[in-house]
Amino acid sequence: MTTVRKVGVVGLGAMGAGIAQLCVEAGVETVGREVTAELGEAARERIAHFLTRKVEKGRLEQAERDAAVGRLALTTELDAFADCHLVIEAIVEELPAKLELFAELDRLVAPDAVLATNTSALSVTEIAAATEHAERVVGMHFFNPAPLMPLVEIVRAELSSDDAVETAYAFGERLGKHPIRCHDTPGFVVNRVLIPLLNDCVRVLDEARVTPEDLDAGMRHGAGWPMGPCTLVDLVGIDVHVHASEALYEKLREPRMAPPPRLVAMRNAGLLGRKSGRGFYVYD
Ligand SMILES: NC(=O)c1ccc[n+]([C@@H]2O[C@H](COP(=O)([O-])OP(=O)(O)OC[C@H]3O[C@@H](n4cnc5c(N)ncnc54)[C@H](O)[C@@H]3O)[C@@H](O)[C@H]2O)c1
C-alpha cells in the first residue's frame, strides 16, 4: 500500500474544495489545482471560511484552523503533482477533459502513486484507459457536501490493483469517512439504488395524487427515512438529479432510471429546489 504524505486535488469546485478541506483537516499536505489562480484563491477562501465557522462553533481550535489552511498550496500547473502519492480528480463531469488529465497525470507522478476520480456517472475503467498504468486508477466517490457526508465509495475499475484500492480505502478512513468497496458499474452503489427510487417517489406523486408534504411524511413515518424524498430532491438540486438520472438511463436503459417528466419540466422552468428558492417547496 502507498503511504500518502502529500495529496493533490484537481478542480476546486463544489466537490474538490470540500475534499481539499478534508485533507488539510486530516493533517495532510495538499496541493489544489484550478484553471486560474483566481478560482484557486476563491476556493481557498471558501475553505478558510468553513474552518473559521468551525472555530466559532467551538469544534476546532484557532491554531488547528490556521495550520490546516497553511497545509493547502495552490497551483495552476500539473507539475506540482509530481511528488504527490495520491491525486484526486474533481473537475467537470466531461469524459474528454478527464481523459486528457489522467494521461498527463500518469506521465507525471511516481510509479507507486495512485490516481482517483470523483466521477459520479462516468466509467472509471474508461478514464483509466487513458493511462499507461491503469492499475493505479480507482474511483473515490464522495457525496455532496464532502466535509459533511460520511460515505465515500471506493470503486475498483477492471484493471485496478488491490494496492491502489486499499490505498484509497485507507485514505478515506484517514479523512474520517466511512469507505465502502464496490466495482465500476453505473451509479456505483448509492446512486444506482437511490436515483430510480426517488424517480418512483416523484411518479407516485401523480399516480396516487398525494401531496409532496404527505409523501414526505409517508416515507419518514412509514419507512423510517430521515428525510422525505421531495425534501431530498430539493436539497440535491432538481437539475443535478435529472442529469444523474439521464446518465444512468443512458447506460442501463431501465424505464425507472429515466427522469420523470414532472422533474424535467421543473428543471426547465428553473425550479431547481433549495438553491433556486423553489422546487417542491418554497424556501426563503
Ligand atoms: N456536485 C455533486 O453533487 C457531486 C457529487 C459527487 C461527485 N461529483 C463529481 O465531482 C466532479 C466535480 O463536480 P462539482 O460539482 O464539484 O463541479 P464544479 O463545477 O463545482 O467544479 C469543477 C471545477 O473544476 C475546475 N476545472 C475544470 N477543468 C479543470 C482542470 N483541467 N484542472 C483543474 N480544474 C479544472 C472548474 O474550474 C471548476 O471549479 C464531477 O466529476 C462530478 O460528477 C459531484
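In case you missed it, the structure is sitting above this.
From a predicted model like this one, the values you see are computed outputs, not experimental measurements. (Residues numbered from 1 in each chain as written. Predicted model: local features only at pLDDT ≥ 70, side-chain atom pairs only at ≥ 80, totals over all residues. Heavy atoms only, no water.)

Caption draft 1: Local environment of the site of the ligand. In the vicinity of the ligand, 20 residues are found, and the nearest of them are M15, E34, E93, K98 and N118. Contact distances for the ligand include 2.8 Å between an oxygen atom and a backbone N or O atom of M15. Separating an oxygen atom of the ligand from a side-chain N or O atom of E93 is a distance of 2.6 Å. Its free accessible area being 840 Å², the ligand has 75% of it covered by the protein chains. Breaking the shell around the ligand down by element, the ones donating at least two residues are α1 (14-25) and β6 (137-142). The residue makeup of the shell around the ligand, split by class, is nine nonpolar, seven polar and four charged. (Near = heavy atom within 4 Å. Polar contact = N/O pair within 3.5 Å; in protein donor to acceptor, adjacent residues only side chain to side chain. Areas by Shrake-Rupley, 256 points an atom, 1.4 Å probe, with all protein chains shown as cover. Helix = DSSP H or I, 4+ residues; strand = E, 2+ residues; numbered from the N terminus. Nonpolar A, V, L, I, M, F, W, Y, C, P; charged D, E, K, R; others polar.)

Caption draft 2: Summary view of the pattern of salt bridges. Applying the stated criterion across every chain yields a total of 13 salt bridges. Note that E41 and R44 form a salt bridge whose closest N and O atoms lie 3.3 Å from each other. Taken together, the residues span about one helical turn, with E41 and R44 both in helix α2 (residues 37-56) at a distance of three residues. According to the relative accessible area criterion, R44 is partly exposed, its value standing at 25%. A salt bridge links E166 to R181; the nearest nitrogen and oxygen atoms lie 2.9 Å apart. Taken together, the residues span a long stretch of sequence, with E166 in helix α6 (residues 162-174) and R181 in strand β8 (residues 178-183) at a distance of 15 residues. Through salt bridges with shared partners, one network takes in E89, E93 and K98. (Salt bridge = Lys/Arg side-chain N within 4 Å of Asp/Glu carboxyl O. Buried < 20%, exposed > 50% of the residue type's maximum accessible area, 1.4 Å probe, protein only.)

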